[in-house]
Each structure stands twice: as structure tokens, then as C-alpha cells.
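The residues making up each chain are set out below.
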Number of protein chains: 4
Amino acid sequence: MPIKEKIAFYLEDIETPLGKLINLSITGLVLLSSVIFVIETYPIPDYVRLNLETIDWAILLIFAYEYLLRLWCAPKRIKYILSFYSIIDLIAILPFLTGVVDISFVRIFRWFRILKLIRYIEGKTLFGKISSEDSVIVARILFTLFTIIFVYSGLIYQVEHPVNPNVFATFLDAVYFSVVTMTTVGFGDVTPSSQAGRLMTLLMILTGIALIPWQLGDLIKRLVKNANQVEN
Amino acid sequence: MPIKEKIAFYLEDIETPLGKLINLSITGLVLLSSVIFVIETYPIPDYVRLNLETIDWAILLIFAYEYLLRLWCAPKRIKYILSFYSIIDLIAILPFLTGVVDISFVRIFRWFRILKLIRYIEGKTLFGKISSEDSVIVARILFTLFTIIFVYSGLIYQVEHPVNPNVFATFLDAVYFSVVTMTTVGFGDVTPSSQAGRLMTLLMILTGIALIPWQLGDLIKRLVKNANQVEN
Amino acid sequence: MPIKEKIAFYLEDIETPLGKLINLSITGLVLLSSVIFVIETYPIPDYVRLNLETIDWAILLIFAYEYLLRLWCAPKRIKYILSFYSIIDLIAILPFLTGVVDISFVRIFRWFRILKLIRYIEGKTLFGKISSEDSVIVARILFTLFTIIFVYSGLIYQVEHPVNPNVFATFLDAVYFSVVTMTTVGFGDVTPSSQAGRLMTLLMILTGIALIPWQLGDLIKRLVKNANQVEN
Amino acid sequence: MPIKEKIAFYLEDIETPLGKLINLSITGLVLLSSVIFVIETYPIPDYVRLNLETIDWAILLIFAYEYLLRLWCAPKRIKYILSFYSIIDLIAILPFLTGVVDISFVRIFRWFRILKLIRYIEGKTLFGKISSEDSVIVARILFTLFTIIFVYSGLIYQVEHPVNPNVFATFLDAVYFSVVTMTTVGFGDVTPSSQAGRLMTLLMILTGIALIPWQLGDLIKRLVKNANQVEN
């Protein structure tokens, strides 16, 4: 097997030990990068922040290298560049490419990095179809819910924190706002004040509103059904 | 073919080149008129506003001429006047007819002008049934959503902007209010203060509340179904 | 036919001219009494208010007489007293019976007087079943919606207006609050401040929340279905 | 029958007179304990509060004794400890075990004591299946709704009352907040201000939001169905 095909195989594979190691490492880095973003929204000592930013740049470098590697070993490069996951990969490393110009705005797109995880979940779902386990479906619903809330919270935090630092103080405030908005509760104690924040909120409502109750409803009905089956 | 029937044919036709040209022109004028309304809600220099108003009056004149033309060549005039689209056409040109008396109130009805677009969408849907394309249905849902939000935003802006200029400052604020209201999120940061505004909001809730989640749900389920079909 | 049966017949009948006259008169008095209540929530000259209150007391007297008449000619009096409509009739005239003690609190129950209308609507629905008209069903849904909103608005107005006169100023404010609450929009610009008002709001939410979207959804789907049938 | 099996039988039994007595007593104590908690949130004289706390500690002692008794006579102790109801029983007596350290925080979990009632409701449901009464199902839905609202109100009261005593003044305020939140009305007049309160609200929304409308919808549809059957 030529080297190109070998790399392409291991970057997608989740069944051989080496494939598992590579893909779990990438998943771990995505999670680490997200955790760093969340921690950085809280007041922390300067030297910790410096260290976190260094780690974050290192992860960005690894993702940039991974993107170039995937591009290099793709059989059809144009098709690869235009594929859904490739565009997310590119957006995830954009802060690296444009870092010298204006980091504060483009960092918004780093949030999409977590969408990478969907690829591995889907791999597991295929596996789950064979073993026909119900828990895989529940895990997928939970992950979808978590991803939607996490990405939208990150976006609204990036847009509103600079202009509204008291209301959108920490990442938890943004999560609170996202959940309260997308479940249509809408308290109104945390609301966007800028025009950009309002536009982002409109986007959040129109794309997220049918997803959250739908996924939550599915999840709870499935859990109740399982609970009843266990009883009987 | 007598001249009356010829005009009647081309005003409805969307398949011959001339019919297409006429109907796309009218659609374009409806959109241009709506864009002018939105722009006029933002602070713009006086000479730009003057130009925009001149264009708007010209469009109104064309619509009035079009209405008279349709009326003239209709086989049964009484039936035509009482048809759904004819009433919308008449409402759309009302600011022209009553312009000398009190323009500020009647301008509200100009918003219904955009409903004209439904006629052409429906024409396209008939076409879509033949080609059985799914995208036409998605386009129709999107257009319905857009129309509902646009019309209600225009109405609430017209009612609330004069008495509540800080809260309903621009058209975006009205769109934000409409979406937040009709999806039942209801933050409460933008709310009507006048009695007329509250009546309009009641109307908006009672007529719009079942439409928005229903259309959004349809749209997202269809998109998810299509996405799954593409995967398999 | 003895006089008792004759009176019992005409109080329920809606097909003979005399039955129609009697029942439409009662319906008219219910509506008039409700309109008087709404008008009295607005600032009006004292002499008008005095006249309205006189009319209202006269209506109350007629309803009390009607209740006694129904009771007198009922074949089984105990069963009649415990029937659903009889209890509503009794509640509707309670302000008359207890008027000398404390009118302000008991007036709350006058709102239930409008529920009487349901009886006549149901009579019409039976008639509608024979003619199988769809419009009767639409009328019934509309009336149910109107009654729910009207009764809850009246109740919350009676509870909150004395302690919160700026927020719950007029009947329209109460209607605005009821619709915004029961459709789960929940702006929060009009909210109860007393403990009694909060209890009433809990009752309103728990009993009304499934009714309003359900009825509205039925109504809009039926209207859309009819519109499609007309098109085809 | 050995003593162990006898105790185990009567602790679960709800058909013999002794079994009924024991289980209704435990249910009564759960309700009494909950009522004491609610009363203690209102301003009451000190000597009343002292008496209530004494009663509460006595109930806690009985529950601790009951837990040990159930554990002692369970055929498989490890399995019993890990069962759903056993964990709730343990949580319910935790304030007793850890009372000397920090009562204020752990008291939160006393709220779960009310979940014990579900066991007896389920016993009744089995009974209801035999008699096929519809009212048992309605009772179960009502109880589920009441339990969800009561537990969440208690949790949010415990978290928010110390930091937000004006907004979350009494238990009614917490119930008002829970119902307004879980039905997605979301006025925003009562909202959490602490980070812990916001986390609790997120949990409340994500776990409760699909339950309340679902249960309420079931309840109302069943009631309407029954009402129609009675009419026909």
C-alpha cells in the first residue's frame, strides 16, 4: 500500500489500534482546545492564561498540519476541499492562517472545531448499527444537543462579550443564554445589546429552535420507553 | 387574439420570454420597494432619502397602472375585484390613492405588496410539480417564513417607531421583535408600549404563532431527511 | 302542555321563533354585561359609569330571575343544581346575592357568565352536524379561544388591578398578559406582583397552556386545508 | 414466615390492612415533611419554627430507621443499595447522617423524599389495571406533574433564597419560577442571579421542558376525551 493511501486510511480508520490512537488523539485535542476557550472566559492569573494560549497555538498548528496532510493524500483534491468536514477543518484553523491580521474576530470560527467530533460519532453509529445498541442513539442525541449548545454559546460569547461584558461575563452566561433562548423560555435577563448580537440571536433562534425541543423530546421519550421495558 | 386577452395572458404567464420578463420585472419592483422601506428606517443623508422616496412613488405609479390594466382586461370585473390577489394589489397602491390625505398611517399597508410574490412562487410550484424537485418545496417554505416575518416586522415598525423610537429604532429591531415573539421566545427587551402596538402584537401572536414553528419544523425535518438520503 | 314544561321547553329551544327570541336575548344580555365590564376598566365620566352600573344590576336581576325560573321548572331539582351549566348560572348571579357584603371580590365570578354562551354554540353545533358545515367547527374553535382568553383576562384583571394599577391599567393590558402568557411568549413587561396574582397566573398557565396552542393549531390547519381545497 | 420476610412483605404490601397502615403512614410522613419545608419558607414565630424543626428531625429519624430495616431484610443487599428507590431513600435521610457538618447545603436533597410517593402510586396503578379505571391514569399524571414542580421548586429555592432573598422570598415564588420556566413562558421577573442558580436553571430546563407540556397535553386530551364520552 503506498504511503498516501496508508495515511488516508489511518486518518479515517477507527478499528485498528493505530487508527483508534490517531483519531482519539485528535478528538482529545478538539476537546482540550474547547476547554481552554471556556477557561479563558473566566478571570485567571496572567501566567496561566499565557500557558493556555501557548497550548492553544500548538493545537492550532497540529490541526493545520492535519488539514494539509488530509489534502495531500486525498484522491480528488477539489472534491475534498469542498466537502462538509473539510470546510469545517479549514474554518477551525483559520485563526492560525489569519492570526497576524485580526485574531479577535476570526477566533469565532474556532468553535466549529468541535463539529469535527461528529465524524467520529458517525463512525461509532455505523458500528452501533451492527451491534444494534440503543445507547449509541442516545449518545448521539446527547452529543448533538451538546454540540449545538456549545457552538452557539461560543458564537454569542465572541460577539457580545466585548460590548456587553457585565451581562455576558463568563462562558456559563452564554450557555445560559443559548439554552434559555433555544428552548423558547426567553427570560430576558441576559439579552444581546449590539446589532451583531441581535443578528446572531435571530440566526440562533431560526436554526436552533426546532432542533432543541425535537432532540430533547426524542431523548426523553426514548429514556421513558427504555425505563418501561426494564420494568416489564 | 384580441388585445385584452393578450395583456391578460402576459400578466399571468411565466413561460414565454415576454411573460417571464414582465413578471420578473414586477417581482423586482416589489423587492426594490421593500428594500427602500428598510433602508429608510436607518439614518441616511437627506438627499438619499429624497431620491429613495422619488423611486418609491414611481414604483407606486407603476403598480397603480398595473392594477388598472388587470382590472380592464379581466373577463369578470366584480369577481376580479373581490379576488384575494386583487385586494392585496389594491391595498399595495392605497398610499398612492390616499396620499394627499394622510400618508403616514396608510403606508402600513404597503407591506402587503410583498405578498404579491406568492403568486409567482405558486406558478413556480406548478412547474416544480412537473419536475418533482424537492428544492421548490423548501424554497416555498423559506419564502413563506420570510414573508410572514417581513410583513409583521413592517407593521409593528410602523405602529411602534413613532411612539417608541429608542426601542424600535431600526427595521432590524422590528425583525428581532417579530422573530422573538412568533417563536414564543419572548425576551421582553423589545416590547410595544402603545395600546395600538399591543393590539398589533396580539394579532401577531394569535395569527403567527402556529405558522412559524410549523414551517420551521417542516423545513428542518425535510432538510434532515434530504441529508440522510444523500448519505445513503 | 303544562306551564312548567312550556317554560322549560322555551328556555332550551332554539328552533321555534319564541325560543330563538328568548335565547338570543339572554345571549345578548351576557355579551352586554361583558362589554360593560370592559368599558368600566377605562377612564370614563362618572355619570356614564353610574348608568352602566345600573344597567349591569338590571341584567344581574334578570339572570337571577332566569335561574329561579329554570330551577322551578326543572324535573329533578337536585340534579339540575349540580349540573355544569347550573353552577355557572349560579356563579354568574352570585354578586347579586352577596352584593351587600363584599362586591369587589365576588365580581370576579361574573366573568363566568360568558361561559353561558357555550350552551347556544353547542345547540348550533348539533344543527351544524345536520348541515355538515365546516364553518360551524371553525366558529366553535374561535369561540372557545375567545372565551378562554376573555375569562382569564377578567380574572387576572380583578386580582391585579387594585394592587398594580399602572401595569394592569385597562382590560386590554389583561388580554395582552393572558395571550402572551398562555401562548408561552412571556415577555415579562406585564407581570403580576401580588401573591394572589401569581397563584392566578400559575392556574392560568397550567390549565390554559395546552388549550391555546392546540386550538390555534387546529384552527390554522383547518383554514389551510380549506384554502387548499378551494384552490383545487 | 420468618421475621425478615414478614417485615419485607409489610413494607411493600398495600393490600392487607397492616400493609396499608404502614405505607399510608410513611406517605403521610413524606407529605408532612414537605409541608413543614414549605411552611418554614414563610415568616413564622420562632417557637413555631422550633417545633416544626423538632418534628422534622423526628421524621428524619423514622426514615433513617426505615432505611436500615429495608436494608436488613433485603434478600440481596448490594442489589438493594443500588436500586433506584433505595438511592432516593438514602438521599432523603442524608441531612440526618451529615447534619453535624453542614446542614444548609445537604438539605437540598431532602426534596427527593417526595419521590418515595411514586412507589405507592405505581402500586395503585397495578391495582388500577385490574379495575381498568381511567381516573388512576389521570391521578398518576397529576402526581408526576406535582412531583416535578415540587422537587425543582425546592431545589431552586435552596440554591437562590440565600443569595436572592427578595426575589425568591417564599416557596410560592420558587413554584412560580419553576412553572413559568418549565412551560417555557419565561417572564423573567423572577430569575436566578448566582452561578449555581443558573446551573440549576439549565438542569431544570433541559430535564423538565419536555416533561411538563407532554404531561399537561396528555392530561387535557384525556379529560376532553372523557368529557366527550360523557356527553355521548
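## Considering the overall build of chain A
Argument step 1. When helices and strands are tallied, chain A shows eleven helices and zero strands.
Argument step 2. Each helix (α) and strand (β) of chain A, taken in turn from the N terminus, gives the series α-α-α-α-α-α-α-α-α-α-α.
Argument step 3. A total of 232 residues make up chain A; the buried ones form 46% of that total.
Argument step 4. Counting only contacts in chain A whose residues sit at least 6 apart along the sequence, the fraction spanning at least 24 positions is 63%.
Argument step 5. On chain A, roughly 11,900 Å² of surface is accessible, and the fraction owed to carbon and sulfur atoms is 71%.

## Regarding the relation of the copies chain D and chain A
Argument step 1. Screw-axis analysis of chain D against chain A gives a translation of 0.1 Å along the axis, an RMSD of 0.1 Å, and a rotation angle of 90°. Read as a symmetry element, the transformation amounts to a four-fold axis.
Argument step 2. The overlap is low: 18% of the interface residues of chain D also sit at the interface in chain A, so different surfaces are used on the two sides.

## Remarks on the environment of E160 of chain A
Residues and elements named next belong to chain A.
Argument step 1. Residue position: E160 is located in helix α8 (residues 134-160).
Argument step 2. C-alpha of E160 to C-alpha of S194: the two residues are 34 residues apart in sequence and 7.1 Å apart in space.
Argument step 3. The residues touching E160, leaving out its near neighbours within four places in the chain, are F168, T191, P192, S193, S194 and G197.

## Focus on the confidence of the model for chain A
Residues and elements named next belong to chain A.
Argument step 1. Taken as a whole, chain A shows an average pLDDT of 76; of its residues, 74% reach a score of 70 or greater.
Argument step 2. Helix α6 (residues 103-106) is the least confidently modelled element of chain A, averaging 45 in pLDDT, while helix α9 (residues 171-182) averages 92, the highest of any element.
Argument step 3. Within the model, pLDDT remains below 50 along residues 99-106, and this stretch shows eight contacts once partners closer than five positions in the same chain are excluded.

## Quick look at the packing of helix α1 (residues 3-12) of chain B against helix α3 (residues 46-73) of chain B
Residue and element names in this part refer to chain B.
Argument step 1. Where α1 meets α3, the axes come as close as 9 Å, and the angle between the chain directions of the two elements is 125°. Classified by the angle between their axes, α1 and α3 sit oblique to one another. The handedness of the crossing between α1 and α3 is left-handed. On α3, the residues touching I3, K4, I7, A8, L11 and E12 of α1 are E66, L69, R70, W72 and C73.

## Focus: the interface of chain D and chain A
Argument step 1. On the side of chain A, 22 residues touch chain D, which itself brings 22 residues to the contact.
Argument step 2. Where chain D abuts chain A, roughly 1,800 Å² becomes buried across the two surfaces, and 71% of that area is made up of carbon and sulfur atoms.
Argument step 3. Considering only the side of chain D, the residues that lose the most area to chain A are R198, L202 and L206 of chain D, jointly responsible for 32% of the buried surface there.
Argument step 4. Our enumeration of links across chain D and chain A arrives at two salt bridges.
Argument step 5. A salt bridge links R198 of chain D to D189 of chain A, with the nearest nitrogen and oxygen atoms 4.0 Å apart.
Argument step 6. At the surface where chain D touches chain A, the tally comes to one residue pair in polar contact (both at pLDDT 80 or more).
Argument step 7. At the level of secondary structure, the elements contributing two or more residues to the side of chain D that touches chain A comprise α9 (171-182), α10 (195-208) and α11 (211-231) of chain D.
Argument step 8. A total of eight residues in the side of chain D that touches chain A trace back to one element, the largest contributor, which is α10 of chain D.
Argument step 9. Each residue belonging to the side of chain D that touches chain A can be placed in one class, and the counts come to twelve nonpolar, eight polar and two charged.

## A closer look at the packing of aromatic side chains
All names here are of chain B.
Argument step 1. One pass over the full model with this rule turns up 36 aromatic pairs over all chains.
Argument step 2. Seen from their ring centres, Y67 and Y80 are 6.4 Å apart, and the 40° between their planes marks the pair as tilted. Of the two residues, Y67 sits in helix α3 while Y80 sits in helix α4 (residues 77-81), which places them 13 residues apart along the sequence. Comparing Y67 with Y80 shows no difference in burial state: the two are buried.
Argument step 3. Arranged with centres 6.4 Å apart and planes meeting at 20°, the rings of Y176 and F187 form a pair that is stacked.

## Regarding the environment of K6 of chain D
Residue and element names in this part refer to chain D.
Argument step 1. Structurally, K6 is set in helix α1 (residues 3-12).
Argument step 2. For K6, a relative accessible area of 40% translates into the label partly exposed.
Argument step 3. Each C-alpha atom of the pair K6 and C73 lies 8.9 Å from the other, and the pair is 67 residues apart in sequence.

## A short note on the relation of the copies chain C and chain B
Argument step 1. Overlay of chain C on chain B (RMSD 0.1 Å): rotation 90°, translation along the axis 0.1 Å.
Argument step 2. A share of only 18% of the interface residues of chain C reappears at the interface of chain B, consistent with the copies meeting through non-equivalent patches.

## Describing the interface of chain C and chain B
Argument step 1. Contacts between chain C and chain B engage 22 residues on the former and 22 residues on the latter.
Argument step 2. The contact between chain C and chain B buries some 1,800 Å² in all, and 71% of this surface belongs to carbon and sulfur atoms.
Argument step 3. When the buried area of chain C at its contact with chain B is split by residue, L172, Y176 and F187 of chain C rank highest and sum to 33% of it.
Argument step 4. Summed over the shared surface of chain C and chain B, the result is two salt bridges.
Argument step 5. Listing elements by their share of the side of chain C that touches chain B, those giving two or more residues are α9 (171-182) and α11 (211-231) of chain C.

## A look at the pattern of salt bridges
Argument step 1. In this structure the tally under the stated criterion is twelve salt bridges over all chains.
Argument step 2. We note a salt bridge from D173 of chain B to R198 of chain A, for which the minimum N-O separation is 2.6 Å. Of this pair, D173 of chain B sits in helix α9 (residues 171-182) while R198 of chain A sits in helix α10 (residues 195-208), which puts the two residues in different chains.
Argument step 3. Taking relative accessible area as the criterion, D173 of chain B reaches 3% and is therefore assigned buried.
Argument step 4. R198 of chain A gets classed as buried once you look at its relative accessible area, which sits at 11%.

Cut-offs and rules
Residues numbered from 1 in each chain as written. Chains lettered and ligands numbered in written order. Predicted model: local features only at pLDDT ≥ 70, side-chain atom pairs only at ≥ 80, totals over all residues. Heavy atoms only, no water. Helix = DSSP H or I, 4+ residues; strand = E, 2+ residues; numbered from the N terminus. Buried < 20%, exposed > 50% of the residue type's maximum accessible area, 1.4 Å probe, protein only. Contact = heavy atoms within 4.5 Å. Areas by Shrake-Rupley, 256 points an atom, 1.4 Å probe, with all protein chains shown as cover. Least-squares fit on C-alpha atoms with pLDDT ≥ 70 in both. pLDDT = per-residue confidence, 0-100. Axes fitted to C-alpha atoms, helices over the stretch in contact; angles between N-to-C directions. Parallel < 35°, antiparallel > 145°, perpendicular 65-115°, else oblique. Left-handed = near helix turned anticlockwise from the far one by under 90°. Buried area = accessible area lost by both parts, 1.4 Å probe. Salt bridge = Lys/Arg side-chain N within 4 Å of Asp/Glu carboxyl O. Polar contact = N/O pair within 3.5 Å; in protein donor to acceptor, adjacent residues only side chain to side chain. Nonpolar A, V, L, I, M, F, W, Y, C, P; charged D, E, K, R; others polar. Phe/Tyr/Trp six-rings, centres within 6.5 Å; stacked < 30°, edge-to-face > 60°.

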